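Remarks on the overall topology
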Amino acid sequence: MVFHVIGFWLLMLSIPLWGYRFFLTSKLAYREKKIFRRLLDHADERAYFFALKLFGFLVALSAAVLAMVAGLGYIKHGSTQIGSYREVIRSRLYSGVDPVDQALDTFHYDQWLPIAILTTCALLSISFTLVATALRDISLLNRLRKRLKNVPQAMKTAPKA
């Protein structure tokens, strides 16, 4: 449940960050936008690949934890049973709005535990990638603006040959 809350708050944080990123981008001139686009094209890693690597890491980590818990359950009880998420996790997050809570029950809490873990990993991967990408772009835009301030005005407006 903690990971759901973290994923939710990261998603909420990404909204104003992306808004600020678009605001900074809209203030750029055409040539500055081309420079920014070129810098993004030559970035170290694309956001999609970062999200996929993060998802793979989270799935591997949760699979290791699930295997450890199943192994300890086998040692203690002599059997391994993986039920629904509701059977394993007793506390749940509710919004107080009946349609939302019913949708949460149907799509998450009543799911088989590995499926619920995969959806949680996907939520965390997507939300963290959105926040990290927005922060990277905002930082890049601020550094670009500082460097372009140092360029003489005559070079900015020089006609192309």
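Okay, so let's go over this structure. Just so you know, these numbers come straight off a predicted model, no measurement behind them.

1. What to know about the overall build of the protein
Counting its secondary structure elements, the protein contains seven helices and zero strands. When the helices and strands of the protein are placed in sequence order, the string is α-α-α-α-α-α-α. Sequence separation of 24 or more characterises 79% of the internal contacts of the protein that already satisfy a separation of 6 or more.

2. Quick word on helix H3 (residues 47–77)
Counting along an α-helix, one turn takes 3.6 residues, and residues three or four places apart therefore face a common direction. With 31 residues, H3 ought to run about 45 Å at 1.5 Å a step, and its terminal C-alpha atoms sit 44 Å apart, in line with that. Looking at H3, one finds that the buried residues are Ala-51, Leu-54, Leu-58, Ser-62 and Gly-73. If you follow the buried residues of H3, they end up packed against helix H6 (113–150). Immediately downstream of H3, the backbone of Gly-78 shows phi near 90°, a positive value.

3. As for the side chain of Thr-133
Tracing the backbone shows Thr-133 in helix H6. For Thr-133, the residues in contact, after removing those within four places along its chain, are Trp-18 and Ala-47.

4. A look at the packing of helix H1 (residues 2–26) against helix H2 (residues 30–41)
Where H1 meets H2, the closest approach of the two axes is 10 Å, and the angle between their N-to-C directions is 130°. Overall, the two elements H1 and H2 adopt an arrangement that is oblique. Along its contact with H1, which presents Arg-21, Thr-25 and Ser-26, the element H2 presents Lys-33, Phe-36, Arg-37 and Leu-40. When its residues are assigned to classes, the contact of H1 with H2 shows two nonpolar, two polar and three charged.

Definitions and cut-offs
- Residues numbered from 1 in each chain as written.
- Predicted model: local features only at pLDDT ≥ 70, side-chain atom pairs only at ≥ 80, totals over all residues.
- Heavy atoms only, no water.
- Helix = DSSP H or I, 4+ residues; strand = E, 2+ residues; numbered from the N terminus.
- Contact = heavy atoms within 4.5 Å.
- Expected span 1.5 Å × (residues − 1).
- Buried < 20%, exposed > 50% of the residue type's maximum accessible area, 1.4 Å probe, protein only.
- Axes fitted to C-alpha atoms, helices over the stretch in contact; angles between N-to-C directions.
- Parallel < 35°, antiparallel > 145°, perpendicular 65-115°, else oblique.
- Nonpolar A, V, L, I, M, F, W, Y, C, P; charged D, E, K, R; others polar.

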